[in-house]
Amino acid sequence: MNGMERLNAALNGTPADRIPIFCNLLDQGAQELGVSIREYYSNGELVATGQLLMREKYGYDNLWSLFYVGREAELFGSRSTIFADDGPPNVGELVIKTLHDIDRLEPPVPLMDHPLFAEERKCLSILRSEAGGRYPICAYITSTMTLPVLLMGMGSWFSLLLSGPDEPRQRLLEICHRFFVEEVKAYREGGADIILYSNPFGSTDFVPAHFFQEHSLPWIRKDIEAIGTSGVVYYCGSARMNDVIDTVIRETGIGAYYLSPLDDTGEGKRIIGDRALCCDVVNDIPMIDWTPEKVRQEVRSIIEAGKPGGRFLFGTLVMPFRIPAENIRALMEAAIRFGSWE
Amino acid sequence: MESIETYLNLYHEAIIDTDRDRALRIIATAREAGVKPEEILSGILIPSINRFMNELLVNPASLAQHFIGSQIANEIVDQMIPLFTSSPEMTGRIVIGTPVGDFHGLGKKIVSGYLRANFIDVVDLGLNISPERFVIAAIESGAEVIGISSMMVHTARGENGPLGVRRVLRERGLEGKIRLVVGGVPYRFDRELYLKVGADAWGEDASAAVAVVTEQIREARKR
């Protein structure tokens, strides 16, 4: 079976050789190709090649079209990105420095033919021609309510979101929603099968429950009504989601949930039931120091908690650059062994 | 005048509701009713932060609640301390910042508000701070503690992060006299990481950071 067949089997609750395994080795693609992280992300062909090579090397089931999260800020006009030698790039210039900047902010639409999207387009095109239909191509899309963080910084966004004023907040959210819809459309047209809907503001680790109900949820509904649920995966970054899964399923019908390592797998699986796909992730941040045996134990424990009854996917969180290759191999061996149905 | 406990309950409720304006109105009402500036801090702000700390394991506050709580704490501290009948005795001083390559400043901002409300002087160095600058700032300001907030794994673990500060402290013979505290997302997901990067302690969240920093100030003063 290939990755797409395994994913579809898990989504539909039909037989497969094993559970699907999703892995995000992003910056590692640069290392694989022997180029700097800056050079790697400057060229969609390099990103596509790196991702295809990493998937071949380790044997997981998905492909990433994501460059780095700050790319969305660049699409809005941020002129500075700060690159590291051993980790993901940072947004170096916030496009909204004062609330007046929101008056002048325009989303880069249409996106598909926008010059700033050219490298993503190239990357998607290569992934689609090389592996389309066989391995799900994943796109990482920041939700309407979370996107302002990349444009004005977390503190300024929290301040505007929680305390106003109303007019610029509403205008900014409308702009971000327009961009969000356009971005999903562009990625789907380019060949993305999976839309990882990234929304830390849809977690009660970020906002209190009442705020989630009154503010986050209406924007989640609006986002999902605009793009449909096809291939959409609900994701809150590393923040927990067990508290909100039931509401999100009932209100939006999203069919897959990518838990935090801080969520209880068994509880997440019980809440989701047979209504959607439960994706649980290994806490890969300490994996830099683990022994391969420790990696196997952790993977086994997650899969044993989530696999019974099917409709389960095993995934990774951030996969830091410095994780040794032998630990990545141990992760894959264990996920294949313990995730097997045969 | 309502009891201080009543104002505390109303204030904490407003913070839980992330209602900044209501929280500020409650402080203003308490002042108008005759609550002293010293009591605003000791009877309302500090116990509210402590409630978050006490509930950390059972019902942790959201980031938004900490954001509002800290923002108001900063504002009220600036308003109240000049009105104290005598200058408050400060617990100690911390220099705080993010390491080289890390441009995420929210964590240290929230921690700073809580520390200031607890009479700890905060020297905020900002973002992207080199190990040498952390140490020099601590020496120059007489700080007992250096606090480093990291959002990303590579900035938490890199040679220009806490590891670098530890190296500079060692080279200058300042280990023990200046304590090193860390916090941020990578430490929540790897609870032994603070040891691997050479820190003396870490704080699970902003409310926990108050107790951690206070303890480290005490340790530094023993030397």
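Above this text sits the structure in question.
Keep in mind that this is a model prediction, so the values were computed, not measured.

Cut-offs applied
- Residues numbered from 1 in each chain as written.
- Chains lettered and ligands numbered in written order.
- Predicted model: local features only at pLDDT ≥ 70, side-chain atom pairs only at ≥ 80, totals over all residues.
- Heavy atoms only, no water.
- Helix = DSSP H or I, 4+ residues; strand = E, 2+ residues; numbered from the N terminus.
- Rg over C-alpha atoms; globule rule 2.2 N^0.38 Å.
- Buried < 20%, exposed > 50% of the residue type's maximum accessible area, 1.4 Å probe, protein only.
- Areas by Shrake-Rupley, 256 points an atom, 1.4 Å probe, with all protein chains shown as cover.
- Lys, Arg positive; Asp, Glu negative; His and termini not counted.
- Charge placed at Lys NZ, Arg CZ, Asp CG, Glu CD.
- Pairing = 2+ DSSP bridges.
- Right-handed = clockwise from strand over helix to strand, strands pointing away.
- Axes fitted to C-alpha atoms, helices over the stretch in contact; angles between N-to-C directions.
- Parallel < 35°, antiparallel > 145°, perpendicular 65-115°, else oblique.
- Contact = heavy atoms within 4.5 Å.
- Nonpolar A, V, L, I, M, F, W, Y, C, P; charged D, E, K, R; others polar.
- Core = buried A, V, L, I, M, F, W, Y, C linked by side-chain atoms within 4.5 Å.
- Phe/Tyr/Trp six-rings, centres within 6.5 Å; stacked < 30°, edge-to-face > 60°.
- Lys NZ or Arg CZ within 6 Å of the ring centre and 35° of its normal.
- Buried area = accessible area lost by both parts, 1.4 Å probe.
- Salt bridge = Lys/Arg side-chain N within 4 Å of Asp/Glu carboxyl O.
- Polar contact = N/O pair within 3.5 Å; in protein donor to acceptor, adjacent residues only side chain to side chain.

## With respect to the overall build of chain A
Within chain A one finds 15 helices and 9 strands. Its C-alpha atoms give chain A a radius of gyration of 19 Å, within 12% of the compact-globule value 20 Å for 342 residues. Overall, chain A is about 60 × 45 × 35 Å in size when its C-alpha atoms are taken along their principal axes. Each of the 342 residues in chain A was classed as buried or not, and the buried ones make up 61%. Entry remark: accessible area of chain A is about 12,800 Å², with carbon and sulfur atoms responsible for 48%. Across chain A, the mean location of the 33 positive side-chain charges is 2 Å away from that of the 47 negative side-chain charges.

## Remarks on the pairing of strand β1 (residues 92–99) of chain B
Residues and elements named next belong to chain B. Counting buried positions along β1 yields 7 of 8 residues, so the element is predominantly enclosed. Alignment of β1 against strand β2 (residues 120–129), held across 7 bridges, turns out to be parallel. Note that in β2 the partner of Ile94 across the bridge is Val122. One crossover worth recording links β1 to the parallel β2 by way of helix α5 (residues 106–117), and it is right-handed. Bridge analysis of β1 against strand β3 (residues 145–149) gives 4 bridges, and the strand direction is parallel. By the bridge assignment, Ile96 is partnered in β3 with Gly147.

## Points about the packing of helix α1 (residues 4–16) of chain B against helix α4 (residues 63–80) of chain B
Residue and element names in this part refer to chain B. In the contact formed by α1 and α4, the axes pass within 8 Å of each other and the chain directions differ by 130°. Judged by the inter-axis angle, α1 sits oblique to α4. Contacts between α1 and α4 pair Tyr11, Ile15 and Ile16 from the former with Gln65, Ile68, Gly69 and Ile72 from the latter. Its residues placed into classes, the contact of α1 with α4 shows 5 nonpolar, 2 polar and no charged.

## Describing the pairing of strand β8 (residues 277–282) of chain A
All names here are of chain A. Where burial is concerned, most of β8 is hidden: 6 out of the 6 residues are buried. By the alternation rule, side chains of β8 split into Leu277, Cys279 and Val281 and Cys278, Asp280 and Val282, which are all buried. As paired elements, strand β7 (residues 256–258) and β8 share 3 bridges and run parallel to each other. Opposite Tyr258, over in β8, you have Cys279 as the bridge partner. Pairing between β8 and strand β9 (residues 312–316): 5 bridges, direction parallel. From the neighbouring strand, Asp280 faces β9, where its bridge partner is Phe314. Running through helix α14 (residues 292–306), the crossover from β8 to the neighbouring parallel element β9 is right-handed.

## Focus on the nonpolar core
Ranked by size, the top nonpolar core spans 173 residues in total, and within it Trp157, Leu172, Tyr234, Tyr257 and Phe314 of chain A carry the most contacts. When residues of this core are assigned to their parent elements, the largest contribution, 9 residues, is made by helix α10 (residues 166–190) of chain A. Beyond its immediate chain neighbours, meaning those up to four positions away, Tyr257 of chain A contacts Val233, Tyr234, Met241, Ile245, Val248, Ile249, Thr252, Ile272, Ala276, Leu277, Cys278 and Cys279 of chain A. Membership of the second largest hydrophobic core comes to 24 residues, among which are Ile129, Leu174, Ile178 and Tyr187 of chain B.

## As for helix α8 (residues 162–171) of chain B
Residue and element names in this part refer to chain B. Among the residues of α8, those classed as buried are Pro162, Gly164, Val165, Arg166, Val168 and Leu169. Buried residues belonging to α8 abut α6 (131–141), β3, α7 (153–157), β4 (179–183) and α9 (185–189). Downstream of α8 by a residue or two, Gly173 has a phi angle that is positive, lying close to 65°.

## Quick word on the packing of aromatic side chains
The relative placement of two aromatic rings is captured by the distance of their centres and the angle of their planes. All names here are of chain A. By the definition in use, this model includes 16 aromatic pairs over all chains. An angle of 35° between the planes, with centres 6.1 Å apart, marks the rings of Tyr197 and Tyr234 as tilted. Remark: Tyr234 occurs in strand β6 (residues 232–235) and Tyr197 occurs in strand β5 (residues 194–198); sequence separation between them is 37 residues. Through successive ring pairs, a cluster of aromatic residues spans Tyr40, Tyr41, Phe67, Tyr68 and Phe83. One cation-aromatic arrangement involves Arg55 over Tyr135; the distance from NZ or CZ to the ring centre is 3.6 Å. Lying across the ring of Trp290, Lys294 places its NZ or CZ 5.3 Å from the centre.

## With respect to the sheet that holds β3 of chain B
Residues and elements named next belong to chain B. With parallel pairing, 5 strands are arranged side by side in an open sheet as β2-β1-β3-β4-β5. The open sheet has two edge strands, β2 and β5 (201–203), and neither has a second partner. Direction aside, the axes of adjacent strands within the sheet are offset by 25° on average. Across 3 bridges, β4 lies against β5 in parallel orientation. The partner of Val181 across the bridge, within β5, is Ala201. Its contacts with the sheet place α6 against β1, β2 and β3, and it is angled at close to 165° to β1.

## Structural notes on the interface of chain A and chain B
Counting residues at the interface gives 32 residues for chain A and 28 residues for chain B. Summing the contributions of chain A and of chain B, the shared interface buries around 2,300 Å²; its carbon and sulfur component is 65%. For the chain A face of the interface with chain B, the top three residues by lost area are Asn90, Leu162 and Ile285 of chain A, together amounting to 21%. At the surface where chain A touches chain B, the tally comes to 2 salt bridges. Here Asp289 of chain A makes a salt bridge to Lys196 of chain B, at a shortest N to O gap of 2.8 Å. For the pair chain A and chain B, the interface holds 7 residue pairs in polar contact (both at pLDDT 80 or more). For the side of chain A that touches chain B, the secondary structure elements donating two or more residues are α9 (154–163) and α11 (209–227) of chain A.

Nothing here speaks to function; it is geometry throughout.
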